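# Descriptive analysis of the structure
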Amino acid sequence: MDWQPPLPSLKYQWLDFITPLLESVPVTNLSADAFVARDKKGPIRVLSATYDRGPRRVILVAENGKKMPAAARKIEAAVISDVLSKARTEDSFALLTARGPRVDLHFGSSREAIRAAAEQLENPPRGKPGKGGVLDAVLEATTWFQPPRAGDSIFVLALHAESKHRASFSEVRATLAVGHIRVFACELGQISQPNPEDLQHTSFDGGYSSTTYIPVGNVDHLVALSNGSGGLTVGEDTEKRNYTLSDGRLKRLQYEAEIMYKAVTEHYLVGLDSASPNLSIRLASSVLSGTPWATVSYPTYLPPCSNTPGMGPGPQPPCLVPVNVTVPDLTSLPIAAADTLAAEWKQNIQTQKYELADGSWDQREASWEFWKSLNRATQPKMALVDDLSAGDFVVRDKKRLLQVQSVTSAHGPQRIIIVAENGQELPAAARKTEVAVVSHIHSKARAEDSFALLTAEGPRVELRFGSSRDAIRAAAEQLGNPPQGKSGSPGALAAVLEATTWLQPPQPGDSIFVMSRGFESGLTVTFSKVRAALAAGHIRVFGVQFGWYDYAATQLFNDSGGWVADGTPPRASQSGLTDDQLRELESDAEEMYTEATEHYLLQLDSFGPQLKIDLASPTLNRFPWAHVRYPHHLPACANPATKPPAEARPRK
C-alpha cells in the first residue's frame, strides 16, 4: 500500500541524556538545626539529627506471573544481580516472589542462592502460580522483620500493585508505618494517571535523584506506597506497544536501583518531639545556601509517635524519622554549564526566591526551577535534522521490518487550530501564558500557513480558517482577562474533538495546538474517541499544560506524534510567572510550530498500528542523542486524499 504516515520529526534531546549522568550525592554533615519540621498544627521542634550507616535488612519482592513481559523479567534479574554485586558485606538480603510459582529465601540465605533465584526470573515460570498478589507479598514480607530494626526496607520489582490481591492498600500502608519499613520500587508496567493527592507525594518533596522528580506511577498504589513510606520509585513501562529494552536503558535502570540502594543504607535519623501523618520536613534556607538543589525524602505516612526499637543505644527521642538529603553532582557537567547554574542559584538565594514563612524552602518549586536551569545551561537550541533519506530509517511493525520506499522533507502550507482554555478557574499566570504564546507564534508564522482559534470552557470563541491573524491575535489578547458571560464552550478534550471536524478534508501537516490545565475536568467525550479521530485525520496535537502533570493528556499528545510543554511551575497560580519562565514557554511553542511546519513524510510498502520508527545505527553515529517523533496511534493503511508533499528545502 502507498500510505504516507505524516510528521515524524527529529530533534536533539540533550537533557534526557544529561540527567542520568548527574549522580545524587548524599549530604552527610547536617545537624538538627539544618532541618525545619511542621505539621498541620504548626512548627515541630527538631531534637536531633544523626547520620546512620548501620547494617540493613532488605527483602526483594519480585513479581513472577505469566503476564510479565520478557523485558520486565530481564530487568528484574539484572537489577537484583547488580544490587547484590555492589551490596555491603554487613547488609542482609531475602527474596520473595509475587504471583507465579512461589520462591521464598529468608534472611540467612546466601547471596549466591538469591542471585541464582533472581537469574531464574528471566525465564517464563514453570509450575502452579501462587495465590498472592504484589500487595500480599509486601504484607507478608513485613512479617519477616521481627523484631524491627533501623533501616528495614522492601525493594519491589513488579508491573504494578493492581494485580489480584487479598490485602488492602490501607492495611499494607499501616503495617509498613508501624514497623518503620520503607518501600523502594521499580514499577515495570503500564503507567496510569495518578490521583492529585498521590501526585503531591510523588513529586519533588520525595525527590532523591533526577528520576524521582517525574511523577509517574499507578493510582493503585505502588508509587503512593513507596513515597508514603519514605522510599523512591523508578518507572519503566515494559507493557507499552513495541517496547524494546536497549543495553543503555538497562544500564540506566541498574544505576537508578543503585541510587535507591544507597538511600536504604545511608540516611539521617531525625528526632522530633512529635509527629503526625501531615508531617513536613524541609531544609532551612541557611543550609540550602551552601547546599544547592538539595532534596529531602522522608515518610509521609506515619503512625502515632512512639519510641522505635532498634534505633540505637541510649535514650531515644519521642519520634525518629528516616530522612535522605541529597544534591546532584554537577562535576559531570561542562564547567560553563556548572558556572551558569551556580550563578542562577546564588541569585535565587540573595532574592530569597523560594523561602517560606517558617524559614524553610519550597523544595518542589526549587527543584522544578533547578531542572529548568539545567536545561537552559546545557541544552543548545533545538535543531531539526533535514538531510535524511530512506536508508537512514528503520521501520517495523509487530510482524516484520517494513520497506521505506521514499523519504520526503515536507515544508508545505500548514493548517493549525489553537485550542485555548478560558474557564473561570484558569489562573492568571496561565492566561498570561496563553496571550504570550499565541502572539509569539503569530510573530514567527510563515505567510502560507493558516490559523483558527477555538476556546475550551468559558464563553465560546470560534474563529475558523479564513479569519485574519489580527482577529485571532485580538481574541487571544482577551484571554488574558477573566471571562465575562455564560460558559458555552466544551471541555478541552471535547474541544480537540470538535477541532478535528474543522480539518476536513485532511491535508498533510494538520495540527492542533492546545493550552489547558489538562483533560480531567468537564469530560463529555472519551480519550479513545478523540484518539481515533486524530488518527483518522492524521492530525498531530501539540500544547502547553498548566499546573500539575496530566499523564492521560500527555499520552494523547505523544500518541499523535506531538508533545506537550510544562506551562507553569507548581505554585505559579500563587507566585506568578517570571519573565524567564515566559520566554522558555515561548521558545517551546516556537519549537512545536517548527515541528508542525517542517517534517518528513515516509512512504512505506505496508503499514500496521504497531508501527515503530527508529534511526539506523550509522545515522545515530552522525546525530548523537537524536530523537524520532512520530504518530503511535494510526488507522488502517490507506491513501489519504491529500496533496503530495512540498519540495524539501534546507533549514539553516
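Residues numbered from 1 in each chain as written. Predicted model: local features only at pLDDT ≥ 70, side-chain atom pairs only at ≥ 80, totals over all residues. Heavy atoms only, no water.

## Observations regarding the overall build of the chain
Threshold: Strands here are runs of E lasting at least two residues and helices are runs of H or I lasting at least four, both read from the DSSP assignment and numbered beginning at the N terminus. Burial classes: relative accessible area under 20% of the type maximum marks a residue as buried, over 50% as exposed, and values in between as partly exposed (1.4 Å probe, protein chains only). For this analysis, residues touch if any pair of their heavy atoms sits within 4.5 Å. For the area figures, the Shrake-Rupley method with a 1.4 Å probe applies, and any residue is considered shielded solely by the protein chains shown.
On a plain count of helices and strands, the chain comes out with 19 helices and 27 strands. Relative to its 652 residues, the chain shows a buried fraction of 59%. The long-range share in the chain, meaning contacts at least 24 apart out of those at least 6 apart in sequence, stands at 82%. Here the chain has roughly 26900 Å² of accessible surface; of this, 52% comes from carbon and sulfur atoms.

## Digging into the sheet that holds strand E26 (residues 612-615)
Counted only if it meets this: Any two strands are treated as partners once DSSP identifies two or more bridges connecting them.
Strands sit in the order E17-E16-E26 across an open sheet of 3 strands; the sheet is antiparallel. Taken across any chain shown, the strands that pair with only one partner, and hence form the sheet edges, are strand E17 (401-402) and E26. Two strands pair when backbone bridges link them, and strand E16 (residues 393-396) and E26 are joined in this way by 4 bridges, in the antiparallel orientation. Its bridge partner lying in E26, Arg396 is registered against Lys612.

## Observations concerning the nonpolar core
Keep this limit in mind: Only buried residues count toward a nonpolar core. Its members are Ala, Val, Leu, Ile, Met, Phe, Trp, Tyr and Cys residues joined through side-chain atoms within 4.5 Å.
Ranked by size, the top nonpolar core spans 36 residues in total, and within it Leu60, Ile75, Ile80, Phe93 and Phe155 carry the most contacts. Counting only elements with at least two residues in this core, the list comes to strand E6 (57-63), helix H2 (70-86), strand E7 (92-98), helix H3 (111-120), strand E9 (153-158), strand E10 (182-187) and helix H8 (247-265). The element that contributes the greatest number of residues to this core is H2, accounting for 8 residues. If sequence neighbours within four positions are ignored, Phe93 has contacts with Val58, Leu60, Val83, Leu84, Ala87, His106, Phe107, Arg111, Ile114 and Tyr261.

## Thoughts on the packing of aromatic side chains
Counted only if it meets this: For this analysis, a ring pair means two rings from Phe, Tyr or Trp (six-membered ring only for Trp) whose centres lie within 6.5 Å, classed as stacked if their planes differ by under 30 degrees, edge-to-face if by over 60, and tilted for the remaining angles.
Summed over all chains, the structure comprises 6 aromatic pairs. With a centroid separation of 6.4 Å and an interplanar angle of 25°, the aromatic rings of Phe451 and Tyr593 are classed as stacked. With Phe451 in strand E20 (residues 450-456) and Tyr593 in helix H18 (residues 579-597), this residue pair connects regions lying 142 residues apart in the sequence. For the pair shown, Phe451 and Tyr593 are each scored as buried.

## Re helix H13 (residues 469-478)
Worth spelling out the cut-off: It is the directions from the helix axis to the C-beta atoms that the arc portrays.
Ile472, Ala475 and Ala476 are the residues of H13 that are buried. One side of H13 holds all its buried residues, which, seen down the axis, span an arc of 100°. Exposed side chains of H13 directed beyond 90 degrees from the buried face belong to Asp470 and Gln478. At its buried positions, H13 is contacted by helix H12 (428-444), E20 and strand E21 (462-463).

## Re the pattern of salt bridges
The condition is simple: Within this document, salt bridges are pairs made up of a side-chain nitrogen of Lys or Arg and a carboxyl oxygen of Asp or Glu, the two lying within 4 Å of each other.
Inspection of the entire model under this criterion finds 26 salt bridges. Between Asp104 and Arg102 there is a salt bridge, and its shortest N-O distance comes to 3.4 Å. The closest approach of N and O atoms between Glu421 and Arg517, which form a salt bridge, is 2.5 Å. In this pair, Glu421 is assigned in strand E19 (residues 415-421) and Arg517 in the loop between strand E22 (511-516) and helix H15 (527-537), connecting sequence segments 96 residues apart. Owing to a relative accessible area of 1%, Glu421 belongs among the buried residues under this scheme.

## Let's talk about the side chain of Thr238
For Thr238, the position within the fold is in the loop between strand E11 (233-235) and H8. With near-sequence residues (within four places) excluded, Thr238 lies in contact with Pro69, Ala71, Ala72, Ile75, Leu159, Leu188 and Tyr243.

## With respect to the sheet that holds E6
Within a sheet, adjacent strands bond to each other through the backbone by hydrogen bonds, running parallel or antiparallel. Put simply, the rule is: Angles run from 0 to 180 degrees between N-to-C directions of axes, and those axes are lines fitted to C-alpha atoms, restricted for helices to the stretch in contact.
Strand order in this open sheet of 6 strands is E8-E7-E6-E9-E10-E11, and the pairing throughout is mixed. Two strands close off the open sheet at either side, each with one partner strand: strand E8 (104-105) and E11. One ladder, built from 3 bridges, connects E10 with E11; its direction is parallel. From the neighbouring strand, Cys186 faces E11, where its bridge partner is Val234. The strands touched by H3 are E6, E7 and E8; relative to E7, the strand with the most contacts, the crossing angle is about 25°.

## Concerning H8
Two residues of an α-helix separated by three or four positions point the same way, owing to the 3.6 residues in each turn. Selection criterion: One fewer than the residue count of a helix, multiplied by 1.5 Å, yields its expected span. As used in this structure description, the phrase polar contact means that two N or O atoms lie within 3.5 Å; if the pair is within protein, one of them must be able to donate a hydrogen and the other to accept it, and residues adjacent in sequence are counted only when both atoms belong to side chains.
Relative to the 27 Å expected for 19 residues at 1.5 Å per residue, H8 spans 27 Å between its end C-alpha atoms, a close match to the ideal helical length. Taken together, the buried positions of H8 are Leu250, Leu253, Gln254, Tyr255, Glu256, Ala257, Ile259, Met260, Tyr261, Ala263, Val264 and Thr265. For H8, the N-terminal cap is Ser246; the gap from its side-chain oxygen to the backbone nitrogen of Arg249 is 3.1 Å.

## Things to note about the environment of Ala471
Counting through the fold element by element, Ala471 comes out in helix H13. The spatial distance from the C-alpha of Ala471 to the C-alpha of Leu453 is 9.8 Å, given a sequence separation of 18 residues.

## What about the environment of Glu171?
For Glu171, the position within the fold is in helix H5 (residues 169-179). Here Glu171 falls in the partly exposed class, since its relative accessible area comes to 38%.

## Considering the environment of Leu479
By the element assignment, Leu479 lies in the loop between H13 and helix H14 (492-502). Residues Leu479 and Thr455 lie 24 residues apart in sequence; the distance between their C-alpha atoms is 9.2 Å.

## Focus: the side chain of Glu76
Note the threshold: Under this rule, positive means Lys or Arg and negative means Asp or Glu; His and the chain ends count for nothing.
In this structure, Glu76 sits in helix H2. One buried charged side chain, Glu76, makes no salt bridge at all; its nearest oppositely charged neighbour is Arg73, positioned 5.5 Å away. Dropping the residues within four chain positions of it, Glu76 is found in contact with Ala62, Glu63, Met68, Leu121, Leu157, Ala158 and Leu188.

## Overview of the pairing of E6
Applied cut-off: Looking down the strands as they point away from the viewer, one classifies a crossover as right-handed if the path from the first strand across the helix to the second runs clockwise.
The element E6 is extensively covered by neighbouring structure, given that 7 of its 7 residues are classed as buried. Strand direction decides the pairing type here: E6 and E7, joined by 7 bridges, are parallel. Of the residues in E7, the one forming a bridge with Ile59 is Ala94. Once you follow E6 into H2 and on to E7, the crossover reads as right-handed.

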